[in-house]
Each structure stands twice: as C-alpha cells, then as structure tokens.
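One letter stands for each residue in the lines below.
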2 protein chains.
Amino acid sequence: MTTDTRILIALRGAGTGFVSGAELSQQLGITRAAIWARIEELRKLGYDIAASPHQGYRLISVPDVLHADDLLSLVQGNKVVGRDIRVFEETASTNDVVEKLARDRVKEGVVVFAESQSKGRGRLGRKWISPPRKGLWFSVLLRPNLRPQAATQLTVVAATALFRAIRDVTGVTPEIKWPNDILIKGRKVAGVLTELSAELDHINHLILGIGVDVNQTATEFPPELRKTATSLKAEAGRHIHRADLAAAILRELDRDYARITSLDFAKVADEWQQQCTTIGQRVAIQIGDRVIQGHAEALDDDGALLVRTQYGRLERVIGGDVTLQK
Amino acid sequence: MTTDTRILIALRGAGTGFVSGAELSQQLGITRAAIWARIEELRKLGYDIAASPHQGYRLISVPDVLHADDLLSLVQGNKVVGRDIRVFEETASTNDVVEKLARDRVKEGVVVFAESQSKGRGRLGRKWISPPRKGLWFSVLLRPNLRPQAATQLTVVAATALFRAIRDVTGVTPEIKWPNDILIKGRKVAGVLTELSAELDHINHLILGIGVDVNQTATEFPPELRKTATSLKAEAGRHIHRADLAAAILRELDRDYARITSLDFAKVADEWQQQCTTIGQRVAIQIGDRVIQGHAEALDDDGALLVRTQYGRLERVIGGDVTLQK
C-alpha cells in the first residue's frame, strides 16, 4: 500500500475530524515533513485538505478524478477484485490493456481505469463512446476456474454488482436487461463486455469490460443515442462522484466473485433474477442471422437464458440482442 | 507467390522430366540469370536440382526442412488454410506467435511452423516436447463465424484432417481418441490444442495448435513417454518427409474448414465418428476434479461427446482426459 493510500485511509477514517501529524507520522513510520510533502501533492491533484498547526489534517473534499491510490484506499477490504488498480489518462480500450497484462501473467483482480478511451467498444466490436471524466470505463482481469460455457456467470455477476452499486450510490433503482445491460426507465446507462481466452474446457482468463455513463448531460450524448441512452446524473438529478461509484462496483464485484468461486452461483442468480426485467417477458433475441422468439422463463446454472419458444421448446440462449415484445 | 514458390511448382509439375530455362524465364517473367540465381539459393537450402545446358532443370530430391515458399507451392489450391505460411527455426510456442498475429488483425488461414519449440504446450498447460526437425509443430489462425460452444467442431476437424493425412502419407491407419488425440496402436502420435478468444456468443479468433511426432526413434522419446508415445517413423518403419505430411494436413484442414463454414459439420462428424475409437466404449472422463463414467454414444452437433452415465443420463462433455474402461 502506498503512503498516499494510507494517508487517505487515515483522513477518511477521521470523518469530519482532524488527524494529527504526529499520529500519522507514527502510523506510517515516516517523518512529519514527508507527510506534509505528500499532503501537498494530494492538494495538487485536487484534494481539499485543511491543515491546522494544532489539530493536524482534515479531508474537506475530494476531486472528481480517478486516482489509483485513492481507489485502493476505498476497496482495502477486497480479496481479489481491485487489489491492484491502474489508472490511465487515455487508452484505446481498457480491455486491450488488461489483455496484455493477462498475457504477461499478471495476477487476477487487477483493474484498469481510463479517464477516456479512444476506441472503447461494446459487444461484437460496436463502438462505446467514452468521453473524458464523464463516466467509468474500466476492465477487470479474472482467472476463474470455470468452463468457457459458464462464462455467462461472470456477466451476470457484473450486471448484479452494477445494479447494487448504482442503486446504493445514486438512490435510483435500475433494471438489468439480459445479459449485460443496465437500464433506467428503459434507457441504457451501463454495459458489460465479457471477453475470454480459453481452451475447450478451461478458461485461461476472462476480462470484464464495464462502461457506466455517469455525469453526461442529455445534450452531451450524440443525437442518435439520446432516445436509448442516459446517464446517472440525468436520472438522479445530481452530479455523481465517480470514485465512490467505482469503489462500490468493485466491492460488489469482489463479493459476488467470491460467491462464484465458492460455487455459490445460485445465490447471485436468484438476486439477479429478481432485478432482471427480461425474465417473464415475451422476447425476440437476434443471434447472428437467427431470431429466437418466445417467453423468457429463467436463468440456468451457467447464467444462460432459458426461453420457451412458440413451439414449446425450451431454448438455452448464451447471448444476443434482446428486444422485449408486447 | 514468390519466385521460389513458382519455380518449385514448375519443377514439381515436370515430375522426373526437365523444365527448360527459357520456359521458366517466360512463365515467371524474369531473366534466365535471375532463375539461375534462385536455383543456386534453393540448392543451398538442400534442394537437389540437376541443371543441363540443353534440357534445363530437374528436381531430383528435396531436403527434410520446412521452407515456407515450398510449403506454399504444395498447398496452392487451398482457399483459406495456408494461404500465408511462416516458418521459424525456433519459437517458444507457435500458438503464442499466432496469438500475436491474431491481435495484429492478420487474416485467418495463416500457418506458423517452427522447426523446434522451447515451450511447446499441450492441453491445460502441459509440456509438449518439440525437438528440432523431428516433428511438425505448427499453429493455424481461424476466425470461424461460430459460437464459442461450437469450438469443439474445429478440434474434430483438425483430428479428422490429421487422421486422413497420416493414413495417406504413411500408409499406417491411426485412431482418433476424443477429443484431440491421434493414436497408433494405442500410443499417442499427434495432438491438437484448441485455444480461443471469444465474447460470450461469438468467437473472435481460434488457434489450432498441432503437434505430430514424425521422425523420432523410440529412444529419442524421454523414458517416461516411451510407453504412451510413438512416432510415425517408428510405426511406418521408414523416414517420413515432413513437408509432404505438413502439406497433406493443411490440404485436409482446408477442405474440412470449408465444410464447416458452409455449415456442413455433419459430414465431418460422420467421418470422424467412423474413425473414433472412443465412441462405443466405456469411458471415464476426468474434468477438473470431477470424473464422469459411462458409455460414449456419439458426437453432437457442436462436436461434444455424448456419454450415457451409469444413472442413464446423457451427459454432454466438452473436454477432459479420457480413459477407456474395460
């Protein structure tokens, strides 16, 4: 853990109170001058930290930037997800950065954020617009001991984590659209892109790419997206602090990933099913050139959607473009 | 097509006869001096080419080396597999080389051979021993329009292609052991490692890694493998020309890949099923910590093995370590 991370943990731990320089110096095992130097650096990043000769330091406000040391301080209890966090000012695609890390044998749990992406992408190579500092664009490296067929479980986990974090941080309750979209009042606010590298019966690694539209105003979306996309700010009616939301998502992801690795996917699936607006609906699912129509009945053990077709057959659907039917 | 490739096609086309320098010069649109220079280079590589002032050039023998231009001349009719061939003297793993090419957006069909691999691998990260010039170690990049669940089809295609090429080139009829091994009299002579990069419902790219033990003598295998592994030379009782075998495999692969992309997997599966010694047997299949025991009944549409368990249930198995039971 870096000195900045430990200072921020101490300052946050004090709430609206002060932490004395002497106390910090003792806790961190460095001089008071060294602490002062770090405080100055944090101030330059936008952290508003009051300093009083008699009382010490107090955290007044934090800037809306993604700072790896601060994100680490917010997820210090996590077991796997976010034990290594890296922030880029701009990348082509955070999934591509994590793919390279995966091939360099970096441990699972590393999370890469970018303040903006020049080539962010969604499913099937579709473009994902990622303007600077307006949203969360990040990717998580996992190495689950699962068959490739069970990879949908991770998409379900990610969607459920997004659901809970958005609800808890913004107060707005979103919906999950199978398999990987989060909607508010029918408009998309977040999505998950799951990419995997596998042998036939074994996942080598899996990357969850997550995009959340946080602080765009309606007019900051391209005209063609305004009817189908929205932001948390637009729906909650206030600016959302991105680092808090990011930390909440990583905490929820970590909790549910632990459930999956302990083979307790059923619990996650139950919760997911309660929030999923796709279950119980008549749906049309486009998979390549083919369209499956029917009634979305449930999620199976692997996270696949079970659809009762018009011919009465139960089809197991792994992915595709879902449209709700009247 | 390179000049060397075209010269070798012309020489092979003449069989035991001569091709005149004038004819070659006209066909290739280069001077007779330039052709002479290329012939000299081919001779340096080990090609035995007779030159007669009156009759021209004649191919007497070819060396047992893998030469990209020559391999290209042998698979000139292929549509996808082998339209781009690259040969390395040594690599860590040909699958890794092809993985990098895939990420650089190289077109499907590229084949990378190595005369030896320092870190050749089999399924689940197991070591694959790849001594210099003794076998074929190569990888093929494909971008099939298939769901990840159907990737087993490609393993089946590769095993079937290996079966036919080995039978036709050596005269020895091997067996296919599901999903990815080729045996002769119960001992392994070749294997396929299928690795894929995918979204949940879409394969980005797939790499077939193929290893064939060709010209090792029994004592050239490590002692611990001698009971379970063999080479084509040991079984056929003669040296096998590796380039001929490589070309035969690539031709068969190309043919069956065309069948798959035209959605005619059933034909491949039928042929596979006839050669597969696993079907109709009592089997135990180890998948991670779990063992499935039962009767191997058939291959399904995706290439998965259907096993009737002792409890009467039909299990769909994607991969694993198969042991035949008495």
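Note that the structure is predicted; figures quoted are calculated from it, not measured.

> Mind laying out the pairing of strand S4 (residues 110–117) of chain A, listing which residues take part and the relevant values?
Residues and elements named next belong to chain A. The buried fraction of S4 amounts to seven of the eight residues, a majority that puts the element mostly inside the structure. Two elements, strand S3 (residues 84–91) and S4, share seven bridges in a ladder whose sense is parallel. In the sheet register, Glu90 faces S4, and the bridge partner there is Ser116. Running through helix H5 (residues 94–103), the crossover from S3 to the neighbouring parallel element S4 is right-handed. Of the pairings in the sheet, the one linking S4 to strand S5 (residues 135–142) comprises four bridges and is antiparallel in character. Each bridged residue has a counterpart across the sheet, and for Val112 the counterpart in S5 is Ser139.

> A description of the sheet that holds strand S12 (residues 305–309) of chain B should follow, citing residues and the corresponding values.
Residues and elements named next belong to chain B. Read across the open sheet, the five strands follow the order S13-S12-S11-S10-S14; overall the sheet is antiparallel. The strands lining the two open edges of the sheet, one partner per strand, are strand S13 (314–317) and strand S14 (321–325). Averaged over all adjacent pairs, the angle separating strand axes in this sheet is 45°, with direction ignored.

> Any details on the domain arrangement of chain A? Residues and values, ideally.
All names here are of chain A. For chain A, the domain assignment lists domain 1 (3–61), domain 2 (68–275) and domain 3 (282–324). Just the C-alpha atoms count here: the centres of domain 2 and domain 3 sit 24 Å apart. Counting residues at the interface gives 13 residues for domain 2, matched by 10 residues for domain 3. Those elements that place two or more of their residues in the side of domain 2 that touches domain 3 are helix H6 (152–170) and helix H9 (265–275).

> Provide a residue-level description of helix H8 (residues 242–261) of chain A, including the pertinent values.
With 20 residues, H8(A) extends 28 Å between its outermost C-alpha atoms, agreeing within 8% with the 28 Å of an ideal straight helix rising 1.5 Å per residue. Burial analysis of H8(A) places 14 of its 20 residues in the buried class, the great majority of the element.

> So what about helix H1 (residues 3–13) of chain B? Which residues, and what values?
Think of an α-helix as turning once every 3.6 residues; residues three or four places apart then point the same way. Residue and element names in this part refer to chain B. Burial in H1 covers these residues: Asp4, Arg6, Ile7, Leu8 and Leu11. Those residues of H1 that are buried are in contact with helix H2 (21–28), helix H3 (32–44), strand S1 (48–52), strand S2 (56–61) and helix H4 (68–74). One or two steps after H1, the chain reaches Gly15, where phi turns positive at roughly 60°.

> Give me the nonpolar core: which residues, what numbers.
In this structure, A:Ala158, A:Leu162, A:Leu245, B:Ala158, B:Leu162 and B:Leu245 are the most contacted members of the largest nonpolar core, which totals 156 residues. Setting aside chain neighbours within four positions, we find A:Leu245 in contact with A:Leu136, A:Ala165, A:Val169, A:Val212, A:Val214 and A:Ile240.

> Before we move on, could you go through the pairing of strand S5 (residues 135–142) of chain B and cite the residues and values that matter?
Extensive coverage of S5(B) is indicated by the burial of eight of its eight residues. Going residue by residue along S5(B), you find B:Gly135, B:Trp137, B:Ser139 and B:Leu141 tucked away on one face and B:Leu136, B:Phe138, B:Val140 and B:Leu142 tucked away on the opposite face as well.

> Run through the interface of chain A and chain B, naming residues and quoting values.
Each side of the interface is counted separately: chain A has 22 residues, and chain B has 22 residues. Looking at the side of chain A that touches chain B, the elements that each hand over two or more residues are H6 and strand S8 (187–199) of chain A. Considering each element in turn, the side of chain A that touches chain B owes the most residues, six residues, to S8(A). Of the residues assigned to the side of chain A that touches chain B, the class counts are nine nonpolar, eight polar and five charged. Relative to strand S8 (residues 187–199) of chain B, S8(A) runs antiparallel, the two sharing five bridges. Looking at S8(B), one finds that A:Ala198 is bridged to B:Leu196.

> Residues and numbers for the relation of the copies chain A and chain B, please.
Each copy superposes on the other: chain A lies on chain B with an RMSD of 0.0 Å after a rotation of 180° and an axial shift of 0.0 Å. Those values place the two copies in the arrangement expected of a two-fold rotation axis. Residue A:Ser197, judged by its C-alpha, is the member of chain A lying nearest the rotation axis, at 2.2 Å. Of the residues that chain A buries at the interface, 100% are likewise interface residues in chain B, meaning the two copies contact each other through the same surface.

> Give a description of the environment of B:Asp321 that names residues and reports values.
Residue and element names in this part refer to chain B. In this structure, Asp321 sits in strand S14. With 12 C-beta atoms packed within 10 Å, Asp321 lands in the exposed category. Contacts of Asp321, omitting those with residues within four sequence positions, involve Ile285 and Gln286.

> I'd love a proper account of the packing of H6(A) against H9(A), names of residues and values included.
Residue and element names in this part refer to chain A. Direction vectors running N to C along H6 and H9 enclose 55°, while the axes themselves pass 10 Å from each other. By the angle between their axes, H6 is oblique relative to H9. Considering the relative orientation of H6 and H9, their crossing is left-handed. Here Gln153, Val156, Val157, Ala159, Thr160 and Phe163 of H6 lie close against H9, whose contacting residues are Phe265, Val268, Ala269, Glu271, Trp272 and Gln275.

About the criteria used
- Residues numbered from 1 in each chain as written.
- Chains lettered and ligands numbered in written order.
- Predicted model: local features only at pLDDT ≥ 70, side-chain atom pairs only at ≥ 80, totals over all residues.
- Buried ≥ 20, exposed ≤ 12 C-beta atoms within 10 Å, placed from the backbone.
- Helix = DSSP H or I, 4+ residues; strand = E, 2+ residues; numbered from the N terminus.
- Pairing = 2+ DSSP bridges.
- Right-handed = clockwise from strand over helix to strand, strands pointing away.
- Axes fitted to C-alpha atoms, helices over the stretch in contact; angles between N-to-C directions.
- Domains from an automatic or database assignment.
- Contact = placed C-beta atoms within 7 Å.
- Expected span 1.5 Å × (residues − 1).
- Core = buried A, V, L, I, M, F, W, Y, C linked by C-beta atoms within 7 Å.
- Nonpolar A, V, L, I, M, F, W, Y, C, P; charged D, E, K, R; others polar.
- Least-squares fit on C-alpha atoms with pLDDT ≥ 70 in both.
- Parallel < 35°, antiparallel > 145°, perpendicular 65-115°, else oblique.
- Left-handed = near helix turned anticlockwise from the far one by under 90°.

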